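# Close look at the chain arrangement
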Amino acid sequence: MFGCPQPGIEKFVWPVFVISGHGVDEPLSAMPGQSRMSADILIKKLDPLVTDGLGGVLLFGVPDRSSKDAQGSGAFHPEEVIPRTVTALKRAFPELIVFTDVCLCAYTDHGHCGLLAADGQVDNDATLALLQKTAVTHAHAGADVVAPSAMMDGQVQAVRAALDAAGRQQTLLMSYSTKFASCFYDPFREAEQSAPSHGDRHGYQASYHDLRSALRESLLDEAEGADILMVKPALFYLDIIQRLRQKTDLPLAAYNVSGEYAMLIAAAERGSGDLGRMVRESITAIQRAGADMIISYWANQYREIIG
Ligand code: PBG
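Quantities reported herein were computed from a predicted structural model and do not represent experimental measurements.

## Focus on the overall build of the protein chain
- Looking only at helices and strands, one finds 10 helices and 11 strands in the protein chain.
- Relative to its length of 307 residues, the protein chain is compact, with a C-alpha radius of gyration of 18 Å against a globular reference of 19 Å.
- C-alpha extents for the protein chain along the principal axes are approximately 55 × 45 × 40 Å.
- Counting only residues that meet the buried cut, the protein chain has 57% of its 307 residues in that class.
- Considering only contacts in the protein chain between residues 6 or more positions apart, those separated by 24 or more positions represent 74%.
- Total accessible area on the protein chain stands at roughly 13,100 Å², and carbon and sulfur atoms take up 50% of it.

Next comes the structure, spelled out in structure tokens:
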């Protein structure tokens, strides 16, 4: 009766990797229990989760390698895997909340999240226009929430303005408002085939040494018009979640990232602890810190592991 309950499945958003084709289901060795899926397989797997009340699904596209280019133009092509999957999902499950990742890194041949200038650095302002096109493409396909993750300065304002101009005032914007330059994203990069071919992302992701600047970044995104804020990763950043919870009335998401997921599986495999108990303790901690929704790979195993 007292205290923080364990979060129900309705608090969970399942991040998934979508690939073109039919009947494709490629298990990911770095993330047991997850796979790259074509839309038809995703729909099959979602069916029981939607019945159980899953909060939402967050789509990441895995385009064919041959389609990648310097601009990441696949990101905003209306016939690419994400817009097509959004439309198929909304047809199959009209009530399911569909989130889309808005970034270029899976679509660029260099693997960075934005356009590169002649000096090899990411060109912030030129990238904004491409993120706008990507978000509008997703919104037109039926996405309920677009989530820009490229971490360009001004991306929230730019994407919000583009959605409004396109008549998509109802589409919500979830900002990766505090996304740390973290080493816990490595399994994800294997899944998305999106590791940068040179350099790293420290120029555009937050430093984990600096609490105040992390909070400032998030509040700036609120001022720019974000509808949902996010802290990522989650488990090592519970202090940030808690502090941000006290500073905003917006819904707050926590992204329990790929490395946090893989870590518990590895610990359980070594006999260091019981997987279910570790998962339940960690997701309850995320909720207790103040997250309203948990973006987590445990979502598709809710019944087996958590529920
Ligand atoms: C980048 C993006 C990343 C993740 C989500 N969006 C990787 C990165 O920033 O390198 C990581 C998510 C995870 O590790 O589960 N578009």
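After presenting the structure, the write-up continues.
## As for the packing of aromatic side chains
- Applying the stated criterion across every chain, the model contains 11 aromatic pairs.
- Residues Tyr-261 and Tyr-297 carry aromatic rings whose centres are separated by 5.6 Å and whose planes lie at 55° to one another, so their mutual orientation is tilted. Residue Tyr-261 is found in helix α8 (residues 258-269), and its partner Tyr-297 is found in the loop between β11 (293-296) and α10 (302-306); the two are separated by 36 residues along the sequence. An identical accessibility class is assigned to Tyr-261 and Tyr-297; each is buried.
- We note Lys-179 situated over the ring of Tyr-185; from NZ or CZ to the ring centre the distance is 5.8 Å.
- Its guanidinium or amino end placed over the ring of Tyr-255, Lys-232 lies 5.0 Å from that ring's centre, counting from NZ or CZ.

## Topic: the pattern of salt bridges
- One pass over the structure, following the stated rule, counts eight salt bridges.
- Two residues, Asp-52 and Arg-303, come together in a salt bridge whose shortest N-O distance is 2.7 Å. Placement of Asp-52 in helix α1 (residues 39-52) and of Arg-303 in helix α10 is noted, with a sequence separation of 251 residues between them.
- By relative accessible area, Asp-52 is classed as partly exposed at 30%.
- The exposed category is assigned to Arg-303, whose relative accessible area is 61%.
- Residues joined by salt bridges that share partners form a network here, namely Arg-160, Asp-164 and Asp-227.

## A short note on the packing of helix α2 (residues 81-92) against helix α3 (residues 124-141)
- As a packed pair, α2 and α3 sit with axes 8 Å apart at the nearest point and diverge in direction by 25°. In terms of axis orientation, α2 runs roughly parallel to α3. As for how α2 packs across α3, the hand of that crossing is right-handed. Counting all contacts with α2, which are made through Ile-82, Pro-83, Val-86 and Thr-87, the residues of α3 involved are Thr-137, His-138 and Ala-141.
- Classifying every residue of the contact of α2 with α3 by side-chain character gives four nonpolar, three polar and no charged.

## Thoughts on the state of the cysteines
- Going through the model one piece at a time under the given rule, you end up with zero disulfides.
- For Cys-183, which is in no disulfide, the shortest distance to another cysteine sulfur is to Cys-113 and amounts to 17 Å.

## A closer look at a positive patch on the surface
- The grouping of Arg-212, Arg-216, Arg-243 and Lys-247 at the surface amounts to a positive patch.
- For the positive patch, the elements supplying multiple residues, two or more each, are α6 (211-223) and α7 (238-247).
- Assignment of secondary structure puts Arg-216 in helix α6.

## A word on a negative patch on the surface
- Together, Asp-119, Asp-123, Asp-125, Asp-153 and Glu-217 make up a negatively charged patch on the protein surface.
- Topologically, Asp-125 is positioned in helix α3.
- Look at Asp-125 and you get exposed, because its relative accessible area is 56%.

## Remarks on the pairing of β11
- Side-chain alternation along β11 places Met-293 and Ile-295 on one buried face and Ile-294 and Ser-296 on a second face that is also buried.
- In this structure, strand β1 (residues 12-19) lies alongside β11, joined through two bridges in parallel fashion. Residue Val-13 lies in a different strand from β11, and its bridge partner there is Ile-295.
- Where strand β10 (residues 252-256) meets β11, four bridges bridge the pair, whose relative direction is parallel. Across the sheet, residue Ala-253 finds its bridge partner in β11, namely Met-293.

## Brief notes about the environment of Asp-64
- For Asp-64, the location among the structural elements is in the loop between β4 (56-62) and α2.
- It is 27 Å that separates the C-alpha atoms of Asp-64 and Glu-260, two residues lying 196 residues apart in sequence.

## Observations concerning the environment of Cys-113
- Tracing the backbone shows Cys-113 in the loop between β5 (98-102) and α3.
- On the basis of relative accessible area, Cys-113 is assigned to the buried category, the value being 2%.
- For the pair Cys-113 and Gln-71, spaced 42 residues apart in sequence, the C-alpha to C-alpha distance is 9.8 Å.

About the thresholds
Residues numbered from 1 in each chain as written. Predicted model: local features only at pLDDT ≥ 70, side-chain atom pairs only at ≥ 80, totals over all residues. Heavy atoms only, no water. Helix = DSSP H or I, 4+ residues; strand = E, 2+ residues; numbered from the N terminus. Rg over C-alpha atoms; globule rule 2.2 N^0.38 Å. Buried < 20%, exposed > 50% of the residue type's maximum accessible area, 1.4 Å probe, protein only. Contact = heavy atoms within 4.5 Å. Areas by Shrake-Rupley, 256 points an atom, 1.4 Å probe, with all protein chains shown as cover. Phe/Tyr/Trp six-rings, centres within 6.5 Å; stacked < 30°, edge-to-face > 60°. Lys NZ or Arg CZ within 6 Å of the ring centre and 35° of its normal. Salt bridge = Lys/Arg side-chain N within 4 Å of Asp/Glu carboxyl O. Axes fitted to C-alpha atoms, helices over the stretch in contact; angles between N-to-C directions. Parallel < 35°, antiparallel > 145°, perpendicular 65-115°, else oblique. Left-handed = near helix turned anticlockwise from the far one by under 90°. Nonpolar A, V, L, I, M, F, W, Y, C, P; charged D, E, K, R; others polar. Disulfide = S-S within 2.5 Å. Patch = residues over 30% accessible without salt bridge, like charges linked within 9 Å, V, L, I, M, F, W, Y side chains within 5 Å. Lys, Arg positive; Asp, Glu negative; His and termini not counted. Charge placed at Lys NZ, Arg CZ, Asp CG, Glu CD. Pairing = 2+ DSSP bridges.

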